Amino acid sequence: WVLAELADFPAAPGKVEQLLTRLAALKRPLPVATSEDARQRFKVADTGFERRLTLEGKDGPLGTLLLGDSPGFKRLFGRPADDPAVYDLNLALADVSSRRDDWLATGLLRLEQEQIARIAGADWTLLRDKDGWRLEGSDQPVDQTKADDVAMRIANLGYRGVLGAKDQPAYRQQEPKLTLTVGLADGVSRSYRISQLENSQDYALKDADRPYYFRLSADDLEGLLDLHASQLTTQPATPDQPDAAAEPPTSDETATP
């Protein structure tokens, strides 16, 4: 399943199949009303409804369901478009959401953390070998916990929606806040360009291998924005404080005969 008007972005297969299963299980109970006034009142009229759901097969439409107000939890008034009667159906409005983002597959940016072998920012590159993480071109010891945290955040990168498949000035991709290149152990790589959306606290992420612009929040990018090489290295230990026994005597002690 894909979203056709979003350049065939993958839909969440489980959610689509769940909806089809529920639709297939619907029974036509006794109608609650049959008049035009009732269809208007319950918001299932031909020109006044909450949702219109059309199922199509390879040869064309299979059926259309008009859905309206809810009489209770996980219930909707509805009717087939060719039936004047109104029915109380075992269906929730959330099951037939009209928000495109509610139907998106959400895992397109996820990676296997153990497969990440290289992470490159604007001015730093982390490399991983059998001994752990190191900074390319640097002898500074790397904070392994911090490097693992960065890899984990990149591997589990999420998004709140998809902006589209065409660049727009409002995405401000020419002024990136962060660029990341992620290399995997099998030689595959990902390249991300992340910019802050115009007049928004959210961000646009462009994956070089996909046509889509993903919408991310600051929380999705926590620990990655403004990350510098100095934050990836261990800090030198501070010298121990002098032992209290070695401190010079107080003025009262020196005044004692």
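Everything numeric here is computed off the predicted structure, so don't read it as measured data. (Residues numbered from 1 in each chain as written. Predicted model: local features only at pLDDT ≥ 70, side-chain atom pairs only at ≥ 80, totals over all residues. Heavy atoms only, no water.)

Caption draft 1: Representation of the overall build of the protein chain within the structure. Looking only at helices and strands, the protein chain features four helices and 16 strands. Computed over the C-alpha atoms, the radius of gyration of the protein chain is 29 Å, more than 25% above the 18 Å expected from 2.2 N^0.38 for a compact globule of 257 residues. In terms of principal-axis extent, the alpha carbons of the protein chain reach across some 110 × 55 × 35 Å. Expressed as a percentage of its 257 residues, the buried residues of the protein chain come to 37%. Accessible surface, the protein chain: about 15700 Å² in total, of which carbon and sulfur atoms supply 49%. With 31 positive and 42 negative side-chain charges, the protein chain shows a separation of 11 Å between the mean positions of the two kinds. (Helix = DSSP H or I, 4+ residues; strand = E, 2+ residues; numbered from the N terminus. Rg over C-alpha atoms; globule rule 2.2 N^0.38 Å. Buried < 20%, exposed > 50% of the residue type's maximum accessible area, 1.4 Å probe, protein only. Areas by Shrake-Rupley, 256 points an atom, 1.4 Å probe, with all protein chains shown as cover. Lys, Arg positive; Asp, Glu negative; His and termini not counted. Charge placed at Lys NZ, Arg CZ, Asp CG, Glu CD.)

Caption draft 2: Representation of the packing of aromatic side chains within the structure. All chains considered together, the criterion is met by six aromatic pairs. Both rings, one in Y171 and one in Y213, keep their centres 5.1 Å apart while their planes meet at 40°; by these two values the pair is tilted. Taken as a pair, Y171 in the loop between strand 12 (161–164) and strand 13 (178–184) and Y213 in strand 16 (residues 213–216) lie far apart in primary sequence, 42 residues in all. Y171 gets classed as buried once you look at its relative accessible area, which sits at 9%. Each member of the aromatic cluster is reached from another via a ring pair, and the members are F9, Y159, Y212 and F214. (Phe/Tyr/Trp six-rings, centres within 6.5 Å; stacked < 30°, edge-to-face > 60°.)

Caption draft 3: The environment of M152, seen in detail. Within the secondary structure, M152 is located in helix 3 (residues 144–155). The spacing of M152 and R51 is 101 residues in sequence and 40 Å in space, taken between C-alpha atoms.

Caption draft 4: Examining the side chain of S217 more closely. Note that S217 resides in the loop between strand 16 and helix 4 (251–254). Beyond its immediate sequence surroundings of up to four residues, S217 is in contact with R160, D202 and Y203. (Contact = heavy atoms within 4.5 Å.)

Caption draft 5: Quick peek at the sheet that holds strand 9 (residues 116–120). Reading across from one edge, 11-10-9-13-14-15-16-12 is the order of the eight strands in this open sheet, with antiparallel pairing throughout. Only two strands of the sheet have a single neighbouring strand rather than two, namely strand 11 (132–135) and strand 12. Recorded for the sheet is a direction-independent mean angle of 25° between the axes of neighbouring strands. Two elements, strand 12 and strand 16, share three bridges in a ladder whose sense is antiparallel. Bridged to G164 within strand 16 is Y213. (Pairing = 2+ DSSP bridges. Axes fitted to C-alpha atoms, helices over the stretch in contact; angles between N-to-C directions.)

Caption draft 6: Summary view of the sheet that holds strand 5 (residues 51–57). With antiparallel pairing, four strands are arranged side by side in an open sheet as 5-6-7-8. This sheet does not close on itself; its edge strands, each paired only once, are strand 5 and strand 8 (87–89). The mean angle between the axes of side-by-side strands here comes to 35°, regardless of whether they run parallel or antiparallel. Pairing analysis gives three bridges linking strand 7 (residues 76–80) to strand 8, with the strands arranged antiparallel. Within the sheet, the bridge partner assigned to L76 lies in strand 8 and is L89.

Caption draft 7: Seen up close, the environment of Q144. Note that Q144 resides in helix 3. Given the relative accessible area of 30%, Q144 is considered partly exposed. When the C-alpha positions of Q144 and S189 are compared, they lie 22 Å apart, and in sequence the two are 45 residues distant. Once residues lying within four places of it in the same chain are set aside, the contact partners of Q144 are G132 and W133.

Caption draft 8: Expanded view of the nonpolar core. Ranked by internal contacts, the top residues of the largest apolar core, which has 52 residues, are F9, I116, I119, L126 and F214. Residue contributions to this core peak at five residues, all from helix 3. If you look at the next biggest cluster of nonpolar residues, it comprises six residues, including F42, V44, F77 and V86. (Core = buried A, V, L, I, M, F, W, Y, C linked by side-chain atoms within 4.5 Å.)

Caption draft 9: Structural view of unusual backbone geometry. One non-glycine residue with positive phi stands out, namely K43, at about 60°. Here K43 is to be found in the loop between helix 2 (36–41) and strand 3 (44–45).

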